[in-house]
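Letter by letter, the chains look like this.
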Amino acid sequence: MQGAGNDYIYVYEEAGHPTIDNPALLARKWSDRHTGIGSDGLVLIRRSTMPEADFTMRIFNADGSEALMCGNASRCIGKYVYEKGLTDKTSVKLLTLAGIKTLTLHISNENQVESVTVDMQEPCFADRNLLDTSDGSMTEGAVTIDGQELHGTFISMGNPHFVIFTDNLETVDVPRIGSILETDPLFPKRCNIEFAYLIDNRRIRTRVWERGSGITLACGTGACATAVAAARTGRTGRESTVVMDGGTLGIRWNEADNHVYMTGPAEFVFEGEINI
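Residues numbered from 1 in each chain as written. Predicted model: local features only at pLDDT ≥ 70, side-chain atom pairs only at ≥ 80, totals over all residues. Heavy atoms only, no water.

(A) Local environment of the overall build of the chain. A count of helical and extended segments in the chain gives 4 helices and 18 strands. For 276 residues, the compact-globule estimate of 2.2 N^0.38 gives 19 Å, and the C-alpha radius of gyration of the chain, at 18 Å, lies within 12% of that figure. Taking the principal axes of its C-alpha atoms as reference, the chain extends roughly 55 × 40 × 35 Å. For the chain, with 276 residues in total, the buried portion stands at 53%. When the accessible surface of the chain is split by element, carbon and sulfur atoms take 45% of a total near 12,400 Å². Separation of charge centres in the chain, based on 25 positive and 37 negative side chains, amounts to 2 Å. (Helix = DSSP H or I, 4+ residues; strand = E, 2+ residues; numbered from the N terminus. Rg over C-alpha atoms; globule rule 2.2 N^0.38 Å. Buried < 20%, exposed > 50% of the residue type's maximum accessible area, 1.4 Å probe, protein only. Areas by Shrake-Rupley, 256 points an atom, 1.4 Å probe, with all protein chains shown as cover. Lys, Arg positive; Asp, Glu negative; His and termini not counted. Charge placed at Lys NZ, Arg CZ, Asp CG, Glu CD.)

Have a look at this one:
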């Protein structure tokens, strides 16, 4: 499945059936676009055993590392469980390693999921476990890469992000700078890196270097972090459109509850069987 071009392999692990006991290995093997299925990673879906949630997700990046959650994958899970008849709810509670996310499914007249809104909860601006500064925060802070000074804002949306605004996105060497920053000592647990350009005060063009996957066509938590960083630094208001390589997401940072709401598409690409 893919959401705004962010593509993952989805496996539903049904109770009483064999489960995948080596997801990190399979994520690396299957994600290879030359010798495997090809994806940004592997997502495992299960029914939740907790009354507070309907389903659970685990997500493994293309390098086998486990992520806390993924916004684009969450939307795809909403479409999967509804259209596969696993639920008839249009408000689904999804348990992730970053907490329970609420998925609001927007259903067409043909009973298909057209889009999904995910309550991504509150952004976090300070975490010393994720950012090695005196207070664990950074807004428009300076970092130097190969003699080039860049200014970025740290935001965690369950996953850590560092958002860098630039006047010319086309001149940014995303693979080089992204790979260097991901593993910089500033980020003890590595970091997702966003490079953003303000189209106008409501639209942001963004490219993403994802922790553990490299360049991806989209990142849901990254889009949320970018929109919040833009609003926090006075570049936009609390509602904006984030245009990524693979598609567009609508982001609203709600003032009433401080939650970030992300709306975007989710699509099936193909289905099949593989011997493990």
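(B) Structural view of unusual backbone geometry. The residue Ala4 is not glycine, and still its phi comes out positive at about 55°. Examined against the element boundaries, Ala4 turns out to sit in the loop between strand S1 (2-3) and strand S2 (6-7). Non-glycine residue Gln121 carries a positive phi angle of around 65°. Note that Gln121 resides in the loop between strand S9 (113-119) and strand S10 (141-145). For Gln121, a relative accessible area of 26% gives the class partly exposed.

(C) Geometry of the pairing of strand S18 (residues 260-264). Taken across its 5 residues, S18 has 4 buried, putting it largely inside the fold. Direction of pairing for strand S17 (residues 247-253) relative to S18: antiparallel, over a ladder of 4 bridges. Note that in S18 the partner of Trp253 across the bridge is Val260. A loop of 6 residues connects S17 with S18, the two strands running antiparallel in sequence, and Asn258 in this loop sits at a positive phi of about 65°. (Pairing = 2+ DSSP bridges.)

(D) Local environment of helix H2 (residues 71-83). Taking 1.5 Å per residue, 13 residues should reach 18 Å; H2 reaches 19 Å between its end C-alpha atoms and fits that length. Within H2, 12 of the 13 residues are buried, which leaves it mostly tucked inside the rest of the structure. Inspection of H2 places Gly71, Asn72, Ala73, Ser74, Arg75, Cys76, Ile77, Gly78, Lys79, Tyr80, Val81 and Tyr82 among the buried residues, and these make up the whole buried set. Gly85, located one to two residues past H2, shows a positive phi value of around 75°. (Expected span 1.5 Å × (residues − 1).)

(E) Examining the nonpolar core more closely. Formed by 53 residues in total, the largest nonpolar core has its most connected members in Tyr10, Val43 and Ile251. No other element matches helix H4 (residues 220-232), which puts 8 residues into this core. If near-sequence neighbours (up to four positions away) are discounted, Tyr10 is found in contact with Met1, Val43, Ile45, Asn72, Ala73, Cys76 and Ile77. Membership of the second largest hydrophobic core comes to 20 residues, among which are Ile145, Leu150, Phe154 and Leu169. (Core = buried A, V, L, I, M, F, W, Y, C linked by side-chain atoms within 4.5 Å. Contact = heavy atoms within 4.5 Å.)

(F) Here's a closer look at the pattern of salt bridges. With the rule as written, the count across this model stands at 15 salt bridges. Glu66 serves as the salt-bridge partner of Arg58, at 2.9 Å between the closest nitrogen and oxygen. One salt bridge connects Arg205 with Asp245, and the closest N-O pair in it is separated by 2.5 Å. With Arg205 in strand S14 (residues 203-210) and Asp245 in the loop between strand S16 (239-244) and S17, this pair connects stretches of sequence that are 40 residues apart. On the basis of relative accessibility, which here comes to 31%, the residue Asp245 falls in the partly exposed class. What you see here is one network of salt bridges that share partners, running through Asp7, Arg33 and Asp40. (Salt bridge = Lys/Arg side-chain N within 4 Å of Asp/Glu carboxyl O.)

(G) Up close: the environment of Leu42. By the secondary structure assignment, Leu42 is in strand S4 (residues 41-47). Assessed through its relative accessible area of 1%, Leu42 is described here as buried. C-alpha separation for the pair Leu42 and Ala62, spaced 20 residues apart in sequence, amounts to 7.4 Å. Excluding its chain neighbours within four sequence positions, the residues that come into contact with Leu42 are Tyr8, Ile9, Val11, Pro23, Leu26, Ala27, Trp30, Arg58, Ile59 and Phe60.

(H) Structural context of the environment of Ala53. Here Ala53 is to be found in the loop between S4 and strand S5 (55-61). When its relative accessible area of 7% is taken as the criterion, Ala53 is described as buried. Among all residues touching Ala53, those that are not within four sequence positions of it are Ser48, Lys93, Leu95 and Ile100.

(I) Spotlight on the pairing of strand S11 (residues 148-156). Taken together, the 5 bridges between S10 and S11 define a ladder with antiparallel strand orientation. Residue Thr144 lies in a different strand from S11, and its bridge partner there is Glu149. A loop of 2 residues connects S10 with S11, the two strands running antiparallel in sequence, and Asp146 in this loop sits at a positive phi of about 50°. Of the pairings in the sheet, the one linking S11 to strand S12 (residues 160-165) comprises 5 bridges and is antiparallel in character. Counterpart to Ile155 in the pairing with S12 is His161.

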